[in-house]
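Listed below, chain by chain, are the residues.
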Amino acid sequence: MANPLFDLTGRTALITGSARGIGLAIAQGLGESGAAVVVNGRQPAAVQAAVDKLTGLGLQAQGAVFDVADEAAVAAAFEAFDAQGLHIDILVNNAGIQHRAPMLDLALKDWQRVIDTNLTAAFLVGKAAARRMVARGQGGKVINIGSLTSEAARATVAPYTVAKGGIKLLSKAMAAEWAQFNIQANSIGPGYILTDMNAALIQNPSFDAWVKASNPAQRWGRPEELVGTAVFLASAASNYVNGQIIYVDGGWLSVL
Ligand code: NDP
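Description of the structure in this document. (Residues numbered from 1 in each chain as written. Predicted model: local features only at pLDDT ≥ 70, side-chain atom pairs only at ≥ 80, totals over all residues. Heavy atoms only, no water.)

### Observations regarding the pairing of strand β2 (residues 36-41)
A large share of β2 lies buried, amounting to six of its six residues. In this structure, strand β1 (residues 12-15) lies alongside β2, joined through four bridges in parallel fashion. From the neighbouring strand, I15 faces β2, where its bridge partner is V39. Viewed along the sheet, the connection from β1 through helix α1 (residues 21-32) into β2 turns out right-handed. Note on the crossover from β2 through helix α2 (residues 44-56) to strand β3 (residues 61-65): the handedness is right-handed. (Buried < 20%, exposed > 50% of the residue type's maximum accessible area, 1.4 Å probe, protein only. Helix = DSSP H or I, 4+ residues; strand = E, 2+ residues; numbered from the N terminus. Pairing = 2+ DSSP bridges. Right-handed = clockwise from strand over helix to strand, strands pointing away.)

Rendered as C-alpha coordinates:
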(Lines give C-alpha, C1' and ligand atoms only; values in the text may rest on other atoms or scores of the structure.)
Protein backbone atom coordinates (compact mmCIF):
# COMPACT_ATOMS: atom_id res chain seq x y z
CA MET A 1 0.00 0.00 0.00
CA ALA A 2 1.33 3.46 -0.87
CA ASN A 3 2.24 5.65 2.10
CA PRO A 4 -0.62 8.20 2.46
CA LEU A 5 1.86 10.83 3.72
CA PHE A 6 2.93 11.43 0.13
CA ASP A 7 -0.55 11.33 -1.41
CA LEU A 8 -1.50 14.61 -3.10
CA THR A 9 -5.03 13.59 -4.08
CA GLY A 10 -7.41 16.55 -3.83
CA ARG A 11 -4.58 19.11 -4.00
CA THR A 12 -4.00 21.59 -6.81
CA ALA A 13 -0.46 22.56 -7.75
CA LEU A 14 0.69 25.51 -9.87
CA ILE A 15 4.14 24.94 -11.30
CA THR A 16 5.55 28.04 -12.97
CA GLY A 17 7.66 27.59 -16.10
CA SER A 18 6.41 24.03 -16.55
CA ALA A 19 6.01 23.84 -20.32
CA ARG A 20 9.32 21.93 -20.44
CA GLY A 21 12.39 20.87 -18.48
CA ILE A 22 12.43 20.62 -14.69
CA GLY A 23 9.01 22.27 -14.31
CA LEU A 24 7.30 19.79 -16.62
CA ALA A 25 8.95 16.84 -14.83
CA ILE A 26 7.78 18.19 -11.47
CA ALA A 27 4.27 18.82 -12.84
CA GLN A 28 4.11 15.21 -14.04
CA GLY A 29 5.49 13.93 -10.73
CA LEU A 30 3.01 15.89 -8.62
CA GLY A 31 0.22 14.77 -10.96
CA GLU A 32 1.30 11.13 -10.60
CA SER A 33 1.07 11.59 -6.83
CA GLY A 34 -2.57 12.65 -7.23
CA ALA A 35 -2.49 16.44 -7.58
CA ALA A 36 -4.36 18.39 -10.24
CA VAL A 37 -1.68 20.50 -11.91
CA VAL A 38 -1.65 23.93 -13.53
CA VAL A 39 1.02 24.27 -16.21
CA ASN A 40 2.49 27.73 -16.82
CA GLY A 41 4.71 29.42 -19.38
CA ARG A 42 4.58 32.44 -21.68
CA GLN A 43 3.90 30.60 -24.93
CA PRO A 44 0.34 29.27 -25.36
CA ALA A 45 1.29 26.49 -27.80
CA ALA A 46 4.04 25.15 -25.54
CA VAL A 47 1.77 25.25 -22.49
CA GLN A 48 -1.00 23.45 -24.40
CA ALA A 49 1.45 20.78 -25.61
CA ALA A 50 2.53 20.14 -22.00
CA VAL A 51 -1.09 19.97 -20.84
CA ASP A 52 -1.86 17.52 -23.66
CA LYS A 53 1.11 15.37 -22.65
CA LEU A 54 -0.03 15.23 -19.01
CA THR A 55 -3.70 14.61 -19.76
CA GLY A 56 -2.57 11.93 -22.25
CA LEU A 57 -0.94 10.20 -19.26
CA GLY A 58 -4.31 10.27 -17.48
CA LEU A 59 -3.36 13.17 -15.19
CA GLN A 60 -5.50 16.19 -14.28
CA ALA A 61 -3.90 19.24 -15.94
CA GLN A 62 -4.82 22.65 -17.24
CA GLY A 63 -2.80 25.59 -18.56
CA ALA A 64 -2.34 29.17 -17.36
CA VAL A 65 -0.34 31.34 -19.75
CA PHE A 66 1.25 34.33 -18.02
CA ASP A 67 4.60 36.02 -17.45
CA VAL A 68 5.59 35.44 -13.82
CA ALA A 69 7.65 38.63 -13.79
CA ASP A 70 4.69 40.84 -14.77
CA GLU A 71 2.79 41.90 -11.63
CA ALA A 72 -0.44 42.72 -13.52
CA ALA A 73 -0.32 39.41 -15.38
CA VAL A 74 0.19 37.49 -12.11
CA ALA A 75 -2.78 39.33 -10.54
CA ALA A 76 -4.98 38.59 -13.57
CA ALA A 77 -4.01 34.90 -13.53
CA PHE A 78 -4.95 34.52 -9.86
CA GLU A 79 -8.21 36.43 -10.40
CA ALA A 80 -9.00 33.94 -13.17
CA PHE A 81 -8.25 31.06 -10.77
CA ASP A 82 -10.60 32.70 -8.21
CA ALA A 83 -13.35 33.04 -10.82
CA GLN A 84 -12.92 29.36 -11.69
CA GLY A 85 -13.05 28.33 -8.02
CA LEU A 86 -9.53 26.94 -8.34
CA HIS A 87 -7.47 26.97 -5.12
CA ILE A 88 -3.70 26.61 -5.36
CA ASP A 89 -2.57 24.38 -2.47
CA ILE A 90 0.96 23.86 -3.79
CA LEU A 91 3.04 26.47 -5.59
CA VAL A 92 6.32 25.59 -7.28
CA ASN A 93 8.24 28.74 -8.24
CA ASN A 94 10.29 27.16 -11.02
CA ALA A 95 10.29 29.61 -13.97
CA GLY A 96 13.80 30.84 -14.61
CA ILE A 97 16.16 32.17 -17.24
CA GLN A 98 19.90 32.39 -17.64
CA HIS A 99 22.06 35.15 -19.12
CA ARG A 100 25.81 34.60 -19.40
CA ALA A 101 28.19 37.57 -19.51
CA PRO A 102 31.19 38.76 -17.49
CA MET A 103 30.03 41.29 -14.89
CA LEU A 104 32.35 43.92 -16.37
CA ASP A 105 30.27 43.78 -19.57
CA LEU A 106 26.84 43.14 -18.03
CA ALA A 107 24.07 45.58 -18.99
CA LEU A 108 21.64 46.73 -16.29
CA LYS A 109 18.67 45.53 -18.36
CA ASP A 110 20.07 41.98 -18.44
CA TRP A 111 20.84 42.04 -14.69
CA GLN A 112 17.28 43.27 -14.07
CA ARG A 113 15.62 40.73 -16.36
CA VAL A 114 17.28 37.79 -14.60
CA ILE A 115 16.55 39.15 -11.10
CA ASP A 116 12.93 39.89 -12.08
CA THR A 117 12.30 36.42 -13.51
CA ASN A 118 14.32 34.29 -11.09
CA LEU A 119 13.73 36.09 -7.79
CA THR A 120 11.12 38.89 -7.84
CA ALA A 121 8.63 36.63 -9.63
CA ALA A 122 8.84 34.08 -6.80
CA PHE A 123 7.86 36.87 -4.40
CA LEU A 124 5.01 38.05 -6.67
CA VAL A 125 3.52 34.63 -7.37
CA GLY A 126 4.27 33.48 -3.81
CA LYS A 127 2.43 36.46 -2.37
CA ALA A 128 -0.61 35.97 -4.64
CA ALA A 129 -0.79 32.26 -3.76
CA ALA A 130 -0.13 32.66 -0.04
CA ARG A 131 -2.70 35.42 0.43
CA ARG A 132 -5.33 32.99 -0.81
CA MET A 133 -3.93 30.08 1.25
CA VAL A 134 -4.12 32.26 4.38
CA ALA A 135 -7.70 33.38 3.60
CA ARG A 136 -8.77 29.79 3.01
CA GLY A 137 -7.23 28.57 6.26
CA GLN A 138 -6.07 25.17 5.04
CA GLY A 139 -2.32 25.81 4.87
CA GLY A 140 -0.23 25.24 1.79
CA LYS A 141 3.16 24.49 0.30
CA VAL A 142 5.60 26.73 -1.53
CA ILE A 143 8.62 25.21 -3.25
CA ASN A 144 11.16 27.64 -4.67
CA ILE A 145 13.69 26.32 -7.17
CA GLY A 146 17.21 27.44 -6.32
CA SER A 147 20.48 26.16 -7.72
CA LEU A 148 24.04 25.25 -6.75
CA THR A 149 24.47 29.03 -7.08
CA SER A 150 22.18 29.44 -4.05
CA GLU A 151 25.38 28.45 -2.23
CA ALA A 152 28.36 29.39 -4.36
CA ALA A 153 29.20 31.75 -7.20
CA ARG A 154 30.44 31.01 -10.65
CA ALA A 155 31.96 33.41 -13.18
CA THR A 156 29.71 34.91 -15.92
CA VAL A 157 26.38 34.28 -14.17
CA ALA A 158 26.30 37.05 -11.54
CA PRO A 159 22.59 37.98 -11.67
CA TYR A 160 21.58 34.31 -11.72
CA THR A 161 23.83 33.67 -8.69
CA VAL A 162 22.38 36.62 -6.79
CA ALA A 163 18.81 35.63 -7.66
CA LYS A 164 19.30 32.00 -6.61
CA GLY A 165 21.05 33.05 -3.40
CA GLY A 166 18.00 35.22 -2.82
CA ILE A 167 15.67 32.26 -3.44
CA LYS A 168 17.27 30.38 -0.55
CA LEU A 169 16.63 33.30 1.81
CA LEU A 170 13.20 34.06 0.31
CA SER A 171 12.07 30.59 1.42
CA LYS A 172 13.28 31.39 4.96
CA ALA A 173 11.51 34.77 4.89
CA MET A 174 8.29 33.06 3.73
CA ALA A 175 8.68 30.45 6.51
CA ALA A 176 9.22 33.20 9.09
CA GLU A 177 5.95 34.92 8.17
CA TRP A 178 3.73 32.11 6.92
CA ALA A 179 4.50 29.11 9.17
CA GLN A 180 1.84 30.42 11.57
CA PHE A 181 -0.69 29.82 8.77
CA ASN A 182 0.49 26.23 8.28
CA ILE A 183 2.30 27.15 5.07
CA GLN A 184 5.66 25.49 4.49
CA ALA A 185 8.12 27.19 2.13
CA ASN A 186 11.29 25.36 1.15
CA SER A 187 13.80 25.40 -1.70
CA ILE A 188 15.23 22.73 -3.95
CA GLY A 189 18.75 23.31 -5.29
CA PRO A 190 19.27 21.20 -8.41
CA GLY A 191 22.74 20.38 -9.68
CA TYR A 192 23.43 20.59 -13.42
CA ILE A 193 20.40 19.03 -15.11
CA LEU A 194 19.90 17.98 -18.73
CA THR A 195 17.43 20.63 -19.97
CA ASP A 196 17.13 23.20 -22.77
CA MET A 197 18.58 25.85 -20.45
CA ASN A 198 21.91 24.00 -20.60
CA ALA A 199 21.79 23.02 -24.28
CA ALA A 200 24.97 24.93 -25.18
CA LEU A 201 26.85 23.62 -22.12
CA ILE A 202 25.85 19.99 -22.77
CA GLN A 203 27.28 20.32 -26.30
CA ASN A 204 30.52 21.88 -25.01
CA PRO A 205 33.02 19.01 -24.43
CA SER A 206 35.12 20.86 -21.85
CA PHE A 207 32.05 21.94 -19.82
CA ASP A 208 30.61 18.42 -20.02
CA ALA A 209 33.94 17.01 -18.78
CA TRP A 210 34.03 19.57 -15.94
CA VAL A 211 30.51 18.57 -14.80
CA LYS A 212 31.44 14.89 -14.79
CA ALA A 213 34.77 15.47 -13.02
CA SER A 214 33.44 17.86 -10.32
CA ASN A 215 30.42 15.85 -9.29
CA PRO A 216 30.77 12.63 -7.29
CA ALA A 217 27.93 11.09 -9.32
CA GLN A 218 30.09 11.75 -12.42
CA ARG A 219 27.09 12.67 -14.56
CA TRP A 220 24.47 15.29 -15.26
CA GLY A 221 21.15 15.02 -13.42
CA ARG A 222 17.86 14.31 -15.13
CA PRO A 223 14.71 16.43 -14.62
CA GLU A 224 12.78 13.47 -13.18
CA GLU A 225 15.38 13.17 -10.42
CA LEU A 226 13.91 16.33 -8.83
CA VAL A 227 10.48 14.71 -8.49
CA GLY A 228 10.97 12.78 -5.24
CA THR A 229 12.10 15.89 -3.34
CA ALA A 230 9.30 17.96 -4.87
CA VAL A 231 6.66 15.39 -3.86
CA PHE A 232 8.10 15.28 -0.32
CA LEU A 233 8.04 19.08 -0.01
CA ALA A 234 4.53 19.26 -1.52
CA SER A 235 3.10 16.62 0.81
CA ALA A 236 2.10 16.12 4.43
CA ALA A 237 5.41 14.27 4.89
CA SER A 238 7.12 17.68 5.19
CA ASN A 239 4.58 19.45 7.42
CA TYR A 240 7.24 20.36 10.03
CA VAL A 241 9.99 21.18 7.49
CA ASN A 242 10.19 24.89 6.79
CA GLY A 243 12.71 27.35 5.35
CA GLN A 244 15.11 24.62 4.23
CA ILE A 245 16.99 24.10 0.99
CA ILE A 246 17.57 20.56 -0.24
CA TYR A 247 20.30 20.15 -2.84
CA VAL A 248 19.63 17.45 -5.43
CA ASP A 249 23.06 17.52 -6.99
CA GLY A 250 24.61 14.06 -6.97
CA GLY A 251 26.65 15.15 -3.93
CA TRP A 252 28.38 18.04 -5.72
CA LEU A 253 28.25 20.59 -2.87
CA SER A 254 29.47 18.00 -0.35
CA VAL A 255 32.92 17.59 -1.88
CA LEU A 256 36.07 19.62 -2.59
P1 NDP B 1 14.12 25.60 -19.18
O2 NDP B 1 14.74 26.75 -19.89
O3 NDP B 1 14.19 24.25 -19.80
O4 NDP B 1 12.59 25.93 -18.84
C5 NDP B 1 12.25 27.12 -18.25
C6 NDP B 1 10.75 27.27 -18.24
O7 NDP B 1 10.42 28.53 -17.64
C8 NDP B 1 10.13 27.25 -19.62
O9 NDP B 1 8.92 26.53 -19.57
C10 NDP B 1 9.88 28.74 -19.88
O11 NDP B 1 8.82 28.89 -20.79
C12 NDP B 1 9.52 29.23 -18.50
N13 NDP B 1 9.69 30.67 -18.28
C14 NDP B 1 10.80 31.42 -18.45
N15 NDP B 1 10.56 32.70 -18.15
C16 NDP B 1 9.24 32.77 -17.78
C17 NDP B 1 8.39 33.82 -17.37
N18 NDP B 1 8.84 35.08 -17.26
N19 NDP B 1 7.11 33.54 -17.06
C20 NDP B 1 6.64 32.26 -17.16
N21 NDP B 1 7.42 31.22 -17.55
C22 NDP B 1 8.69 31.48 -17.86
O23 NDP B 1 14.79 25.61 -17.72
P24 NDP B 1 15.06 24.44 -16.67
O25 NDP B 1 13.97 23.46 -16.68
O26 NDP B 1 16.46 24.00 -16.84
O27 NDP B 1 15.03 25.30 -15.31
C28 NDP B 1 13.90 25.37 -14.47
C29 NDP B 1 14.32 26.02 -13.17
O30 NDP B 1 15.36 25.26 -12.57
C31 NDP B 1 14.87 27.44 -13.33
O32 NDP B 1 14.50 28.23 -12.22
C33 NDP B 1 16.36 27.20 -13.32
O34 NDP B 1 17.07 28.35 -12.91
C35 NDP B 1 16.47 26.08 -12.31
N36 NDP B 1 17.69 25.31 -12.37
C37 NDP B 1 18.04 24.65 -13.51
C38 NDP B 1 19.19 23.90 -13.53
C39 NDP B 1 19.63 23.14 -14.71
O40 NDP B 1 20.77 22.61 -14.69
N41 NDP B 1 18.84 23.00 -15.76
C42 NDP B 1 20.08 23.82 -12.37
C43 NDP B 1 19.60 24.57 -11.23
C44 NDP B 1 18.45 25.28 -11.25
P45 NDP B 1 8.70 30.10 -21.85
O46 NDP B 1 10.11 30.57 -22.13
O47 NDP B 1 8.03 29.48 -22.99
O48 NDP B 1 7.87 31.12 -21.14
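### Observations regarding the site of the ligand
If you check the shell around the ligand, you find 30 residues, and the closest are N94, Y160, I193, T195 and N198. A distance of 2.9 Å separates an oxygen atom of the ligand from a polar side-chain atom of Q43. In the environment of the ligand, an oxygen atom lies 2.9 Å from a nitrogen or oxygen atom belonging to the side chain of K164. In isolation the ligand has 890 Å² of accessible area, and contact with the protein removes 97% of it. (Near = heavy atom within 4 Å. Polar contact = N/O pair within 3.5 Å; in protein donor to acceptor, adjacent residues only side chain to side chain. Areas by Shrake-Rupley, 256 points an atom, 1.4 Å probe, with all protein chains shown as cover.)

### Considerations on the nonpolar core
One finds I15, I26, L30, V37, L54, V92 and I188 to be the most contacted residues of the largest nonpolar core, which totals 30 residues. Not counting chain neighbours up to four residues away, the residues in contact with L54 comprise L24, A27, Q28, V37, V39, L59 and A61. Counting residues in hydrophobic clusters, the runner-up holds 28 residues, among them A122, A129, I167 and I183. (Core = buried A, V, L, I, M, F, W, Y, C linked by side-chain atoms within 4.5 Å. Contact = heavy atoms within 4.5 Å.)

### A look at empty space enclosed by the protein
Under the definition given, this model contains one cavity of 30 Å³ or more. The calculated volume of the largest cavity comes to roughly 70 Å³. When contributions to the lining of the largest cavity are tallied by element, the ones reaching two or more residues are α4 (108-136) and α5 (158-178). Looking at the lining of the largest cavity element by element, the count peaks at four residues for α4. Looking at the lining of the largest cavity, its residues break down into six nonpolar, five polar and one charged. (1 Å grid on protein atoms, 1.4 Å probe; cavity = no way out; pocket = protein on both sides within 12 Å on 5 of 7 lines; lining within 4 Å. Points joined across faces, edges and corners; volume = space filled by probe spheres on them. Nonpolar A, V, L, I, M, F, W, Y, C, P; charged D, E, K, R; others polar.)

### Some words on the side chain of T149
Residue position: T149 is located in the loop between β5 (140-145) and α5. Since its relative accessible area comes to 11%, T149 is described here as buried.

### Quick look at the pattern of salt bridges
Once the charged atoms of two side chains with opposite charge are near each other, the side chains can pair. In the structure shown here, the tally under the stated rule is 10 salt bridges. The partner of D196 in a salt bridge is R20, and the shortest N-O contact between them spans 3.5 Å. Remark: R20 occurs in the loop between β1 and α1 and D196 occurs in the loop between β6 (183-190) and α6 (199-203); sequence separation between them is 176 residues. For the pair D196 and R20, one class covers both residues: exposed. R132 serves as the salt-bridge partner of D82, at 2.9 Å between the closest nitrogen and oxygen. Remark: R132 occurs in helix α4 and D82 occurs in helix α3 (residues 71-84); sequence separation between them is 50 residues. (Salt bridge = Lys/Arg side-chain N within 4 Å of Asp/Glu carboxyl O.)

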